[in-house]
Structures are given as structure tokens and as C-alpha cells.
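What follows is each chain in one-letter form.
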Amino acid sequence: PRGPDLRTNNEIGIDYVRPIVNQMHISLKFDRHNININSSFSPLRDRSVFGYWSEVGLKKRFSSILNIEGSLQYGYDKGNHQLNNYTASLKGVKFDLLHFISSKGRIQTRFEWSKVNLFGEARYLPPEALQGHTIGQNRRANINANMFLKENFSINININYISDIRYDNFINLDGEIRAYF
């Protein structure tokens, strides 16, 4: 066994949403974080992440059944990973869509495109850096559908798509049928 890792996570953030015109809001998100992981197994597993994450976007409610949000993302992290120093930055865009299907269900989608640049001695990023995005081009999509078929019977479907340096056009499909008694 590798033994326990000691994880210290300090984070502070702000999430600001303000209406600007009819059913449209501007959103600002900012978070500053400092993460340290010390392994009792090997110093090669020690890692640190210090940086920030920010998003600026617009939210629009078109009706009681359709909401759309788009935002620009920027992240910056620096730290130490496998005894090597690194600095990394991310620039990207994110789109969210929420569509309600009467009172019985909803479809929620998210599309993300980003580019991550890595500087320093490290060859790759720790998983805590830049919210898990990898070096280079990243494309992610998620579609989640929930529907009540009867009062005590529902179906959930989740489709994920990832294309980056780890996963080349990876698609994952999850589904479940629930019965409530």
C-alpha cells in the first residue's frame, strides 16, 4: 500500500450575477486556490497548485423552458509536480443550454473548447491544475436528459465526449431507469 496522502486545499472565490437587459444577465466568476498534496509513500507523488480561475459570461432566459449561457474562461496555475516546476495557462469558451420538457423532464448540455499552454520543466500537469484540463487542445461535451415517464418511473441518460491528449474522441454513455415505490 502507498499510504495516505495529506491534502491541503485553500480556496476563495466570488460569483457575481447582475441583470443587464430583459431576461439577460452578466456573470463573473473568480477563484483563487492553493492546493498542496504530500505523499507518505514517495516525494515523486508530492504536488502543488497555486493560481486562479476566471469566467466572464452572459446568461439569457428565452422562456420558462429555455436557458442559454456562454462564457469565456481563463485559468493560470503554477506549482511543483514530480519534483519539477511548472506554469500553465488556459484560454477557452463554454456554452450551457438547459431545456425543460413540460414539467416532466429536462435536457442539459455543456460544450467546452480550450487550449492549455505548459511552461517549465514538467512534462504534464497534475490533475488538480486548471480544473483537470490537459495540455494542448481540449474539447468536451456533455448531454444529460432526465424524464419522468410516470409518477414513480423515470429515465436518466448521460452522454460525455472528450477529445484531448489523453482521450481521442472518447464517448461515454450512461443510463438508468428508476422506479420509486
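This text goes with the structure placed above it.
Because the structure is a prediction, the values reported are computed rather than measured.

Student: Sorry, what's going on with the sheet that holds strand 7 (residues 136-150) here?
Tutor: Within the open sheet, the nine strands sit side by side as 1-2-3-4-5-6-7-8-9. Their pairing is antiparallel. The sheet terminates laterally at strand 1 (5-21) and strand 9 (170-179), the two strands that pair on one side only. Each neighbouring strand pair of the sheet contributes to a mean axis angle of 10°, computed without reference to strand direction. Of the pairings in the sheet, the one linking strand 8 (residues 153-163) to strand 9 comprises ten bridges and is antiparallel in character.

Student: So what exactly am I meant to see when it comes to the pairing of strand 7 here?
Tutor: For a regular strand, side chains alternate in direction, first toward one face of the sheet and then toward the other. Sheet topology note: the strand 6 (residues 105-120)/strand 7 ladder contains twelve bridges and is antiparallel. Each residue of the ladder has a partner; that of Val116, found in strand 7, is Gly136. Adjacent in sequence and paired antiparallel, strand 7 and strand 8 are bridged by two residues.

Student: In this structure, what is going on with the pattern of salt bridges? I would like to understand it.
Tutor: For side chains bearing opposite charge, pairing can occur when the charged atoms are close. Applying the stated rule across the entire model yields five salt bridges. Of the charged contacts in the structure, one is a salt bridge between Arg7 and Glu128, with a shortest N-O distance of 3.6 Å. One end of the pair, Arg7, is in strand 1; the other, Glu128, is in the loop between strand 6 and strand 7, with 121 residues separating them in the sequence. A residue is classified by how much of its surface remains accessible, and Glu128, at 15% relative accessible area, is buried. Two residues, Asp96 and Arg110, come together in a salt bridge whose shortest N-O distance is 2.7 Å. A residue pair is termed long-range when its members are at least 10 positions apart, and Asp96 in strand 5 (residues 84-101) and Arg110 in strand 6 qualify at 14 residues. On the accessibility criterion, Asp96 (14% relative accessible area) is buried. When salt bridges that share partners are traced, they join Arg7, Arg47 and Glu128 into one network.

Student: How should I be thinking about a nonpolar patch on the surface in this particular structure?
Tutor: Residues Ile14, Tyr16, Leu28, Phe30 and Val56 make up a contiguous nonpolar surface patch of roughly 440 Å² in combined accessible area. Those elements that provide at least two residues to the nonpolar patch are strand 1 and strand 2 (24-39). Relative to the assigned elements, Tyr16 resides in strand 1. Judged by its relative accessible area of 37%, Tyr16 is partly exposed.

Student: I'm lost on the environment of Ala88 in this one. Help?
Tutor: Locating Ala88 in the fold gives a position in strand 5. With a relative accessible area of 0%, Ala88 lands in the buried category. Through-space distance from the C-alpha of Ala88 to that of Tyr76 is 5.8 Å; in sequence the pair is twelve residues apart. Excluding its chain neighbours within four sequence positions, the residues that come into contact with Ala88 are Gly75, Tyr76, Asp77, Asn117, Leu118, Leu125 and Leu130.

Student: In this structure, what is going on with unusual backbone geometry? I would like to understand it.
Tutor: As a rule of thumb, non-glycine residues mostly have phi less than zero, and peptide bonds are mostly trans rather than cis. Positive phi, close to 65°, is recorded for Leu83, a residue that is not glycine. Along the chain, Leu83 turns up in the loop between strand 4 (66-81) and strand 5. Positive phi values are uncommon outside glycine, yet Ser102 reaches one of about 45°. Relative to the elements of secondary structure, Ser102 occurs in the loop between strand 5 and strand 6.

Student: Would you mind showing me how to read the packing of aromatic side chains here?
Tutor: Aromatic rings in a pair are described by how distant their centres are and how their planes are angled relative to each other. Throughout the structure, instances matching the rule amount to seven aromatic pairs. Ring geometry for Tyr167 and Phe170: centres 5.3 Å apart, planes at 35°, overall tilted. Judged by relative accessible area, which is 38%, Phe170 ranks as partly exposed. Put simply, the rings of Phe30, Tyr52, Tyr74 and Tyr76 pair up and form one aromatic cluster. Here the basic side chain of Lys60 rests over the ring of Phe62, its NZ or CZ set 5.5 Å away from the ring centre.

So, how was this worked out
Residues numbered from 1 in each chain as written. Predicted model: local features only at pLDDT ≥ 70, side-chain atom pairs only at ≥ 80, totals over all residues. Heavy atoms only, no water. Pairing = 2+ DSSP bridges. Helix = DSSP H or I, 4+ residues; strand = E, 2+ residues; numbered from the N terminus. Axes fitted to C-alpha atoms, helices over the stretch in contact; angles between N-to-C directions. Salt bridge = Lys/Arg side-chain N within 4 Å of Asp/Glu carboxyl O. Buried < 20%, exposed > 50% of the residue type's maximum accessible area, 1.4 Å probe, protein only. Patch = residues over 30% accessible without salt bridge, like charges linked within 9 Å, V, L, I, M, F, W, Y side chains within 5 Å. Areas by Shrake-Rupley, 256 points an atom, 1.4 Å probe, with all protein chains shown as cover. Contact = heavy atoms within 4.5 Å. Phe/Tyr/Trp six-rings, centres within 6.5 Å; stacked < 30°, edge-to-face > 60°. Lys NZ or Arg CZ within 6 Å of the ring centre and 35° of its normal.

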